[in-house]
Amino acid sequence: MARTESPGSLLDRQRAAFVREGPVGAAARQGRIQRVIDLLVQHNDELCAAMADDFGGRPLVFSMMNDILGSLGALKAARDHLPQWLADQPRPSVPPFDQFGATAWVKLQPKGVVGIIGTWNAPLFTLLAPLASVFAAGNRAVLKPSELAPRTAETLQRRVPEFFSPDELAVVTGGPEVAAEFSAQAWDHLVFTGSTEVGKLVMQAAARNLVPVTLELGGKSPVLVGRSADIAMAAERIAVGKAQNSGQLCVSPDVVWVHESQVEALVAALQATYAGLYPKTGGNPDVVPVVNARHFERVESYVADAAARGAQVVVAGGEPGRQAQAERRMPLRIVVKPPADAVISQHEIFGPALVVQSYDQIRDAVGAINQGPRPLALYYFGNDEAEQAWVLDHTLSGGVAINDVLMHAALTEAPFGGVGSSGMGHYQGREGFLAFSHVRSVYKAGGHDPRREWGMLPPYAPHLEGMMRAAVTA
Ligand code: NAD
């Protein structure tokens, strides 16, 4: 893949253009977003073919839904709402100067040039959804797609210059070395989507230049199935959500907590639903392959380790055979009650396996979740309003869905992001626009300054101390 211009050179070029350009009005911002939309509308087939290649057979409908329509949703929402977000916001000024005409307001200005590093699992969405907020806020951007989705990266790098000058939007491709160089630049803001481990490296690199970061990381997103839940409905929605991209999604359900008395019913229902969706595995174009041999072996080793430690492993979907192995297509493995020291209990699965754990009291499950790192997503199934409220009040995660999974990530007008180990900051919605804007307070003096006549300037008049004391009120 040709590497045309270094991240540092693109940053310099874009920053010079940013300074030259001056204020960026709504029309210019909408125009940039529109050109990304046009790129997707004109080249979605080519991009979906690239994603299919990168995964070794990802179905068109999934790439369309997740990466094309998902990105379009974020872009259109930002395009249509940004005019309402731009206006200066008047604020109360400083007393007593306000009595003499002093005013104040908050002005939202673009930060400048934003670097965006994406992942392979959603190779367009993790670049273009943040870009929607970055452009809405009036910035320029450089994208760094994942090297594990090279066809998609190459297609984007080839198509972007047809719609943008490199001083507005550019694409840098390459592996971890380029990524490290990219995160070492003095961006005005850096967005990173990826693993928690690499996120720490990115934040360290950004800290050297005091670059603010948005970190979109992963983690073990739990599902709490309350005793009031409809088990068949919960199992169906969990299975359907888990099947998306074969579990290779940051918000994929990772561990399901269910009451001890309902474990068997839930596992049977998960198995039945999954088998109905994917009666065969090898040669089934609806099953998304695991992206590469390394990730395939990683997920297999998690399942084997849990089985070796005594966990029950239930296969859901068509049995894997030689063909399935060769295609890296796998059925869902439901790993029932692995011990805490099993690898699958400690690491994000990010593939076609799911842990089921049991509880006696739901507060025990919440206690176990709260002992671990804060997850990106948390799901609650149940019809007990009081329990639902208790779960929401006693847990913290990036986002939540109730009686479903994944759907909160599709809220194009609400912020998306993590908390603690699952990340910081967000994109989408007005909050995403604010994240990439500098919120600048402005004070404008009135026509008259009363400080001298009120004895507020040195030499201090004797009555001033009394005035100060009188102002110290509760
Ligand atoms: P990864 O951390 O391996 O790679 C992500 C990006 O980081 C790639 O572009 C890579 O080139 C780059 N990178 C590698 N080394 C780097 C370094 N030293 N400095 C800077 N950048 C470097 O993640 P992945 O395997 O592509 O994606 C899977 C992870 O991403 C999972 O943990 C998943 O949960 C998470 N994820 C999170 C979200 C979200 O929105 N929160 C979305 C998708 C994926």
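Bear in mind the structure is a predicted one, so any value in this text is a computation, not a measurement.

What counts and what doesn't
Residues numbered from 1 in each chain as written. Predicted model: local features only at pLDDT ≥ 70, side-chain atom pairs only at ≥ 80, totals over all residues. Heavy atoms only, no water. Helix = DSSP H or I, 4+ residues; strand = E, 2+ residues; numbered from the N terminus. Buried < 20%, exposed > 50% of the residue type's maximum accessible area, 1.4 Å probe, protein only. Contact = heavy atoms within 4.5 Å. Axes fitted to C-alpha atoms, helices over the stretch in contact; angles between N-to-C directions. Parallel < 35°, antiparallel > 145°, perpendicular 65-115°, else oblique. Nonpolar A, V, L, I, M, F, W, Y, C, P; charged D, E, K, R; others polar. Pairing = 2+ DSSP bridges. Phe/Tyr/Trp six-rings, centres within 6.5 Å; stacked < 30°, edge-to-face > 60°. Lys NZ or Arg CZ within 6 Å of the ring centre and 35° of its normal. Near = heavy atom within 4 Å. Polar contact = N/O pair within 3.5 Å; in protein donor to acceptor, adjacent residues only side chain to side chain. Areas by Shrake-Rupley, 256 points an atom, 1.4 Å probe, with all protein chains shown as cover. Domains from an automatic or database assignment. Buried area = accessible area lost by both parts, 1.4 Å probe. Salt bridge = Lys/Arg side-chain N within 4 Å of Asp/Glu carboxyl O. Disulfide = S-S within 2.5 Å.

Novice: Could you clarify how one ought to interpret the environment of L215 in this entry?
Specialist: Along the chain, the position of L215 falls in strand β7 (residues 213-216). When its relative accessible area of 3% is taken as the criterion, L215 is described as buried. Through-space distance from the C-alpha of L215 to that of R322 is 39 Å; in sequence the pair is 107 residues apart. Not counting residues up to four positions away in its chain, the partners in contact with L215 are F192, G199, V202, M203, S422, G423 and M424.

Novice: Would you take a moment to explain the packing of helix α2 (residues 26-55) against helix α4 (residues 125-136) for this structure?
Specialist: Packed helices, taken two at a time, are described by the angle their axes make and the gap between the axes. Interhelical geometry of α2 versus α4 gives an angle of 160° and a closest axis separation of 8 Å. When the axes of α2 and α4 are compared, the pair comes out roughly antiparallel. Residues R29, R32, I33, V36 and L40 of α2 form the contact with α4, whose own contacting residues are L128, L131, A132, F135 and A136. Grouping the amino acids of the contact of α2 with α4 by side-chain chemistry returns eight nonpolar, no polar and two charged.

Novice: Would you explain the sheet that holds strand β10 (residues 312-316) in this entry?
Specialist: Strands in a sheet are paired, the pairing made by backbone hydrogen bonds, and the direction either parallel or antiparallel. With mixed pairing, seven strands are arranged side by side in an open sheet as β10-β11-β12-β9-β8-β13-β14. The outermost strands of the open sheet, each flanked by one partner alone, are β10 and β14 (399-402). The mean inter-strand angle of the sheet, taken between neighbouring strand axes irrespective of direction, is 20°.

Novice: What is the right way to read the packing of aromatic side chains from this model?
Specialist: Any two aromatic rings considered together are summarised by their centre-to-centre distance and by the angle between their planes. In this structure the tally under the stated criterion is nine aromatic pairs. With 5.8 Å between their ring centres and 70° between their planes, F100 and W454 make a pair best called edge-to-face. Of this pair, F100 sits in the loop between β1 (89-91) and β2 (103-110) while W454 sits in the loop between β16 (437-444) and α16 (463-471), placing them 354 residues apart in sequence. Here F135 and F164 contribute two aromatic rings whose centre-to-centre distance is 5.7 Å and whose plane-to-plane angle is 35°, an arrangement assigned as tilted. Of this pair, F135 sits in helix α4 while F164 is found in the loop between α5 (150-163) and β5 (169-171), placing the two residues 29 residues apart along the sequence. Take F135: its relative accessible area is 0%, and that puts it in the buried class. Relative accessible area serves as the criterion here: at 4%, F164 is assigned to the buried category. Feature note: the residues F55, W120 and F350 constitute an aromatic cluster, connected by ring pairs. The ring of F55 carries the charged tip of R58 above its face, separated from the ring centre by 4.6 Å.

Novice: Quick question: what am I supposed to make of the site of the ligand here?
Specialist: The immediate surroundings of the ligand are formed by 29 residues, with G118, E147, S195, L217 and E348 found nearest. A distance of 2.8 Å separates an oxygen atom of the ligand from a polar atom in the side chain of K144. Between the ligand and L217 there is a distance of 2.8 Å, counted from a nitrogen atom to a backbone nitrogen or oxygen. Bound to the protein, the ligand loses 89% of the 850 Å² it would expose on its own. At the level of secondary structure, the elements contributing two or more residues to the shell around the ligand comprise α6 (176-183), β6 (189-193) and α7 (196-208). A per-element tally of the shell around the ligand places α6 first, with four residues. Taken together, the residues of the shell around the ligand break down into 15 nonpolar, ten polar and four charged. Here the shell around the ligand spans two domains, since at least three of its residues come from each of domain 1 (7-217 + 423-438) and domain 2 (222-411).

Novice: Looking at this model, I keep getting lost on the sheet that holds strand β3 (residues 113-117). Mind explaining?
Specialist: Ordered by their spatial adjacency, six strands build an open sheet running β5-β4-β3-β6-β7-β15, and the pairing between neighbours is mixed. The open sheet terminates on both sides in strands that have one partner only, identified here as β5 and β15 (423-424). Sheet analysis places strand β4 (residues 140-144) next to β5, joined by three bridges and oriented parallel. Bridged to V142 within β5 is A170.

Novice: Where do I start with the domain arrangement of the chain in this structure?
Specialist: Segmenting the chain into domains produces domain 1 (7-217 + 423-438) and domain 2 (222-411). Distance from the C-alpha centre of domain 1 to the C-alpha centre of domain 2: 31 Å. On the side of domain 2, 21 residues touch domain 1, which itself brings 14 residues to the contact. Carbon and sulfur atoms make up 55% of the area that domain 1 and domain 2 hide from each other, which totals about 1,300 Å². The interface formed by domain 1 and domain 2 contains zero salt bridges. At the junction of domain 1 with domain 2, the criterion picks out six residue pairs in polar contact (both at pLDDT 80 or more). Elements with a minimum of two residues in the side of domain 1 that touches domain 2: α2 and α3 (60-85). By residue number, the principal contributor to the side of domain 1 that touches domain 2 is α3, which donates three residues.

Novice: Where do I start with the pattern of salt bridges in this structure?
Specialist: Side chains that carry opposite charge are capable of pairing whenever their charged atoms lie near each other. This model, assessed by the stated rule, comprises 24 salt bridges. A salt bridge links E154 to R158, with the shortest nitrogen-to-oxygen separation between them at 2.8 Å. On the criterion of helical spacing, the pair formed by E154 and R158 is a turn pair, its members being four residues apart in helix α5. Exposure remark for R158: the relative accessible area of 37% places this residue in the partly exposed category. Across the pair R159 and E162 runs a salt bridge, and its minimum N-O distance is 2.8 Å. Separated by three residues within a single helix, R159 and E162 lie in helix α5, roughly one turn from each other. Taking the relative accessible area as the measure of exposure, E162 reaches 47% and is therefore partly exposed. Each member of the salt-bridge network shares a partner with another, and the members are R20, E21, R32, R35, R140, D167 and E168.

Novice: Any chance you could explain the state of the cysteines here in plain terms?
Specialist: Disulfide: a covalent bond formed between the sulfur atoms of two cysteine residues. Evaluated as defined, the whole model comprises zero disulfides. Left unpaired, C48 is separated from the closest cysteine sulfur, that of C250, by 19 Å. A relative accessible area of 2% places C48 in the buried class. Using a relative accessible area of 25% as the deciding quantity, one classes C250 as partly exposed.

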